[in-house]
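Descriptive structure summary
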Amino acid sequence: VEEVERLYPAVADLPPRLRLSLLDLAAPALRELSDTQRERLHETVRALVEADDQLTLFEYALSTIVRHRLEHAARPTDTGSTVRRLAPVKDHLRVLLSGLASAGHRSVAEARRAYQAGVEVLRANHDVSGIEEPVSVSGTALDGALDRLAAAAPALKQDIIEACARCALMDDEVTEAEVTLLRAVTIALDVPLPPRLRTRES
């Protein structure tokens, strides 16, 4: 508690878009934690996120990033079975793009256009039949989608991130909500944020 109080003034005024970047910079320290310390940190973050019975997008992104960084620190060489084609993860990608589209657009029509812009990016290299329309998304469903997509091969991940970027850039305006969710997505998939989005993040 004393350490938190000491550090709080230094980070309290940090622009919201830089907070997750700061968290990511601190991630290498997680490799130095013991199993007990990692579990304690995970439980602390979860307790803070659930304290008011409301889940904000920032809280979701924060907990997602911490969870994936902790899991990577615990099992750095555990890559699981690699998914090389879109077909096995098509429904998971549908959930991800739907969540991103709804996070960045207030109207249903705009969210639908953003979603379809992301799908169009995939159409050049993949069969997108069955995912032409977005779906309603819960935090649990988004967690499951990110966990599954994290097993994608690098080339497929690149296509996924390009689709996410196009979804966010559909209206040439990237909102704070979109950057927040995109940051969580890129960390969960262990890929860099596209350069054109990194500039907007700052």
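Up top you'll find the structure we're talking about.
Report follows, based on the coordinates. (Residues numbered from 1 in each chain as written. Predicted model: local features only at pLDDT ≥ 70, side-chain atom pairs only at ≥ 80, totals over all residues. Heavy atoms only, no water.)

**Remarks on the environment of Arg113**
This is how it is decided: Each helix is a run of H or I in the DSSP string that is no shorter than four residues. Each strand is a run of E no shorter than two, and both are numbered from the N terminus. Any residue under 20% of the maximum accessible area for its type is buried, any over 50% is exposed, and the rest in between are partly exposed; the area is computed with a 1.4 Å probe on protein chains only.
With respect to the secondary-structure elements, Arg113 resides in helix H6 (residues 108-123). Judged by its relative accessible area of 45%, Arg113 is partly exposed. In the structure, Arg113 is positioned 69 residues away from Thr44 in sequence and 38 Å away in space, judged by C-alpha atoms.

**Observations concerning the packing of helix H5 (residues 90-104) against helix H7 (residues 139-149)**
Short version of the rule: Between N-to-C directions, angles span 0 to 180 degrees; the directions come from axes that are lines fitted to C-alpha atoms, helices contributing only their stretch in contact. Angle categories: roughly parallel below 35 degrees, roughly antiparallel above 145, roughly perpendicular from 65 to 115, and oblique for all the rest. By the definition used in this description, the sense in which the near helix is turned from the far one sets the handedness, with an anticlockwise turn below a right angle giving left-handed and a clockwise turn giving right-handed. It only takes one pair of heavy atoms within 4.5 Å for two residues to be counted as in contact. Any residue that is not Ala, Val, Leu, Ile, Met, Phe, Trp, Tyr, Cys, Pro, Asp, Glu, Lys or Arg is counted as polar, Gly included; the first ten are nonpolar and the last four charged.
Contact geometry of H5 with H7 gives a least axis separation of 9 Å together with a crossing angle of 125°. With respect to H7, the element H5 is oriented oblique. The hand of the H5/H7 crossing is left-handed. Here H5 contributes His92, Leu93, Val95 and Leu96 to the contact with H7, which in turn contributes Ala141, Leu142, Gly144, Ala145, Leu146, Arg148 and Leu149. In terms of residue class, the contact of H5 with H7 is made up of eight nonpolar, two polar and one charged.

**Digging into the packing of H7 against helix H9 (residues 176-189)**
Contact geometry of H7 with H9 gives a least axis separation of 8 Å together with a crossing angle of 40°. Accordingly, the angle class assigned to the pair H7 and H9 is oblique. Note on packing geometry: the crossing formed by H7 with H9 is right-handed. For the pair H7 and H9, the contacting residues are Leu142, Leu146 and Leu149 in the first and Leu181, Val185, Ala188 and Leu189 in the second.

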